[in-house]
Amino acid sequence: MNTAIRALAVDWNWELRESATTFIASFFAPCGGESEPQGQSLSYALRHGLHDVLLEKLDDAESYVRAAALTTLSSVTHTERGWQAVAKSASADFVTLVTKALTDTEAFVKR
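Remember, predicted model here, so these are calculated numbers, not experimental data.

A. How the structure looks around the overall build of the protein chain. Across its full length, the protein chain carries eight helices and zero strands. In the protein chain, the succession of helices and strands from N to C terminus is α-α-α-α-α-α-α-α. Across the 111 residues of the protein chain, 42% fall into the buried class. Here the protein chain displays about 6300 Å² of accessible surface, and carbon together with sulfur accounts for 58% of that area.

Quick look at the structure:
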């Protein structure tokens, strides 16, 4: 599954990149009446570095993909483990990318 998500995240079709980016959020979503994501899906996503895909997509050429990455990244960082993983793997220009995404007028409407 990891290979498929990563392949879709770099596809030439922006709709597939957006879908792959949005799908990653399901690994970080709470199940049923839970307030936190379940351990197996969260562990899988973090073990396979799916949060790294989101960081890469913050700089995508298509605004819909950037907006999806920003929205999904917010889901990831709502968990302690997700936030720690993002902080550990984020590059030095992470703040720049997030600031750019937050002030991206083209993607703003799409968020």
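That covers the picture; the talk isn't over yet.
B. Expanded view of the side chain of His51. Checked against the element boundaries, His51 lands in helix α4 (residues 50-57). Apart from residues no more than four positions distant in its own chain, His51 is found in contact with Ala45, Leu46, Val76, Ala85, Val86 and Ser89.

C. Molecular detail of the packing of aromatic side chains. By the definition in use, this model includes three aromatic pairs. For the ring pair Phe23 and Phe27, a centre distance of 5.6 Å and an interplane angle of 85° mean the geometry is edge-to-face. Exposure remark for Phe23: the relative accessible area of 39% places this residue in the partly exposed category. When the centroid spacing of 5.6 Å and the interplanar angle of 20° are considered together, the rings of Phe27 and Tyr44 count as stacked. One end of the pair, Phe27, is in the loop between α2 (14-24) and α3 (39-47); the other, Tyr44, is in helix α3, with 17 residues separating them in the sequence. By relative accessible area, which is 8% here, Phe27 ends up buried. For Tyr44, a relative accessible area of 18% puts it in the buried group. Members of the aromatic cluster, connected to one another through ring pairs, are Phe23, Phe27 and Tyr44.

D. Spotlight on the nonpolar core. With 25 residues, the main nonpolar core has Ile24, Phe27, Phe28, Leu50, Leu55, Leu58 and Leu73 as its most contacted residues. Breaking this core down by element, the ones donating at least two residues are α1 (2-9), α2, α3, α4, α5 (63-76), α6 (80-89) and α7 (94-102). Ignoring any residue separated from it by four or fewer positions in sequence, one finds Ile24 in contact with Ile5, Leu50, Val53, Leu54 and Thr72.

E. Seen up close, the pattern of salt bridges. Counted under the stated rule, the structure contains two salt bridges. Of the charged contacts in the structure, one is a salt bridge between Arg17 and Asp60, with a shortest N-O distance of 2.9 Å. With Arg17 in helix α2 and Asp60 in the loop between α4 and α5, the pair connects residues that are 43 residues apart, well separated along the chain. With a relative accessible area of 9%, Asp60 lands in the buried category. The closest approach of N and O atoms between Lys57 and Asp60, which form a salt bridge, is 3.2 Å. For Lys57, a relative accessible area of 8% puts it in the buried group. One continuous salt-bridge network, built from bridges that share partners, spans Arg17, Lys57 and Asp60.

What counts and what doesn't
- Residues numbered from 1 in each chain as written.
- Predicted model: local features only at pLDDT ≥ 70, side-chain atom pairs only at ≥ 80, totals over all residues.
- Heavy atoms only, no water.
- Helix = DSSP H or I, 4+ residues; strand = E, 2+ residues; numbered from the N terminus.
- Buried < 20%, exposed > 50% of the residue type's maximum accessible area, 1.4 Å probe, protein only.
- Areas by Shrake-Rupley, 256 points an atom, 1.4 Å probe, with all protein chains shown as cover.
- Contact = heavy atoms within 4.5 Å.
- Phe/Tyr/Trp six-rings, centres within 6.5 Å; stacked < 30°, edge-to-face > 60°.
- Core = buried A, V, L, I, M, F, W, Y, C linked by side-chain atoms within 4.5 Å.
- Salt bridge = Lys/Arg side-chain N within 4 Å of Asp/Glu carboxyl O.

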